[in-house]
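# Structure at a glance
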Amino acid sequence: MDKKEKNMKLPAPSFKSGTSVEEAILKRRSMRSFSNTRLNWQQIGQLLWAGQGITAKKGNFPFRAAPSAGALYPMETFVVMEKGIYQYLPQNHEIRNIASGDKRMELSKAAFGQSFIDQAPVTIALCAVYSRITGKYGKRGIRYAHIEAGHIAQNIHLQAISLGLVSVPVGAFDDKATAGILNLPDDCVPLYLLPLGFPQKGKESQ
Ligand SMILES: Cc1cc2nc3c(=O)[nH]c(=O)nc-3n(C[C@H](O)[C@H](O)[C@H](O)COP(=O)(O)O)c2cc1C
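This section reports on the structure supplied with the text.

Cut-offs applied
Residues numbered from 1 in each chain as written. Predicted model: local features only at pLDDT ≥ 70, side-chain atom pairs only at ≥ 80, totals over all residues. Heavy atoms only, no water. Helix = DSSP H or I, 4+ residues; strand = E, 2+ residues; numbered from the N terminus. Phe/Tyr/Trp six-rings, centres within 6.5 Å; stacked < 30°, edge-to-face > 60°. Near = heavy atom within 4 Å. Polar contact = N/O pair within 3.5 Å; in protein donor to acceptor, adjacent residues only side chain to side chain. Areas by Shrake-Rupley, 256 points an atom, 1.4 Å probe, with all protein chains shown as cover. Core = buried A, V, L, I, M, F, W, Y, C linked by side-chain atoms within 4.5 Å. Buried < 20%, exposed > 50% of the residue type's maximum accessible area, 1.4 Å probe, protein only. Expected span 1.5 Å × (residues − 1). Pairing = 2+ DSSP bridges. Contact = heavy atoms within 4.5 Å. Axes fitted to C-alpha atoms, helices over the stretch in contact; angles between N-to-C directions.

## Points about unusual backbone geometry
- Even without being glycine, Tyr73 reaches a positive phi, approximately 45°.
- Along the polypeptide, Tyr73 turns up in the loop between strand S3 (61-64) and strand S4 (75-81).
- A positive phi angle, near 60°, is found at Asn183, a position not held by glycine.
- Relative to the helices and strands, Asn183 resides in the loop between helix H7 (175-181) and strand S9 (189-197).

Given below as structure tokens:
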């Protein structure tokens, strides 16, 4: 991790859209081809907020967009894109650059050659730090972290539809290779990859 790199504030998320929750549920489909159009920081920030953004505070305690057993928040969120890899810091709706250079092809290889990962302008990676939750819940905390990853991913998939994007959840990848690409510490385990992008013409969600 480059300690010199400053955190970058993301644009404030929007809380309104022209897409209802029902419409987003109806339109969400796993899509595996993307146009070349890049996402801007507003769109990336909106997706990250939908997954793990702070949506309320009780006293000083921040609650996030997705539920978490015991509000222990075991997940870390990363963005893999052409420019490099970024970690989302929910507290101030910021990102931190943790690697530079395009790692999408490497990630695609780590996902057993699922080539759409290389095509996707952005892949969001959800990773668990189990110790944050097993301290309170023991082994069951591992189950809770996996359930939470599903909540976060679904928020992101539905937010993607509302932004005119398409996405696919990916669970098939080599854990060790993926952790290496993301430069994860030993206690942080990659659980889910969410490639996202604008649809190719003629391949929009129904
Ligand atoms: C836990 C999980 C893992 C998945 N892993 C992959 C994957 O590695 N590659 C892929 O192309 N799709 C993957 N999918 C997407 C499914 O293939 C897809 O959800 C399914 O075909 C149903 O289609 P729908 O998402 O359009 O409703 C995964 C879905 C889930 C829930």
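Next, the rest of the story.
## Let's talk about the packing of aromatic side chains
- In this structure the tally under the stated criterion is five aromatic pairs.
- Site record: aromatic cluster; members linked through ring pairs are Phe61, Phe63 and Tyr73.

## Re the site of the ligand
- Residues in contact with the ligand, as listed here, are Arg28, Arg29, Ser30, Arg32, Gln114, Phe116, Val168, Pro169, Val170, Gly171, Ala172 and Tyr192.
- With respect to the ligand, the side chain of Arg32 contributes an N or O atom lying 2.7 Å from an oxygen atom.
- A distance of 2.7 Å is found between a nitrogen atom of the ligand and a side-chain nitrogen or oxygen belonging to Gln114.
- Protein chains shield 55% of the accessible area of the ligand, which is 620 Å² for the free molecule.

## Considerations on the nonpolar core
- Counting residues in each nonpolar core, the largest one holds 32 residues, and the members touching the most others are Ile44, Leu47, Leu48, Val122 and Ile124.
- Elements supplying a minimum of two residues to this core: helix H2 (41-52), S4, strand S5 (84-89), strand S7 (122-128), helix H6 (140-162) and S9.
- Residues Ala111, Ile117, Val168 and Leu182 belong to the second largest nonpolar core, which totals 26 residues.

## Here's the deal with H2
- Taking 1.5 Å per residue as the helical rise, H2 with its 12 residues ought to reach 16 Å, and the 16 Å between its terminal C-alpha atoms agrees with that figure.
- Every buried residue belonging to H2 is among Trp41, Gln43, Ile44, Gly45, Gln46, Leu47, Leu48, Trp49, Ala50, Gly51 and Gln52, and all of these are buried.
- Where H2 starts, the residue carrying a side-chain oxygen 3.1 Å from the main-chain nitrogen of Gln42 turns out to be Asn40.

## Here's the deal with the sheet that holds S7
- Pairing is antiparallel in the open sheet, where seven strands are placed in the order S1-S6-S5-S4-S7-S9-S8. The outermost strands of the open sheet, each flanked by one partner alone, are strand S1 (8-9) and strand S8 (166-167).
- Pairing analysis gives six bridges linking S5 to strand S6 (residues 94-100), with the strands arranged antiparallel. Pairing of Ile85 across the sheet is with Ala99, part of S6.
- Sitting on the sheet, H2 touches S1, S4, S5, S6, S7 and S9, and the angle it makes with S4 is about 160°.
- In this fold H6 packs onto S4, S7, S8 and S9, with an angle of close to 10° to the strand it touches most, S9.

Honestly, it's all geometry; don't read function into it.
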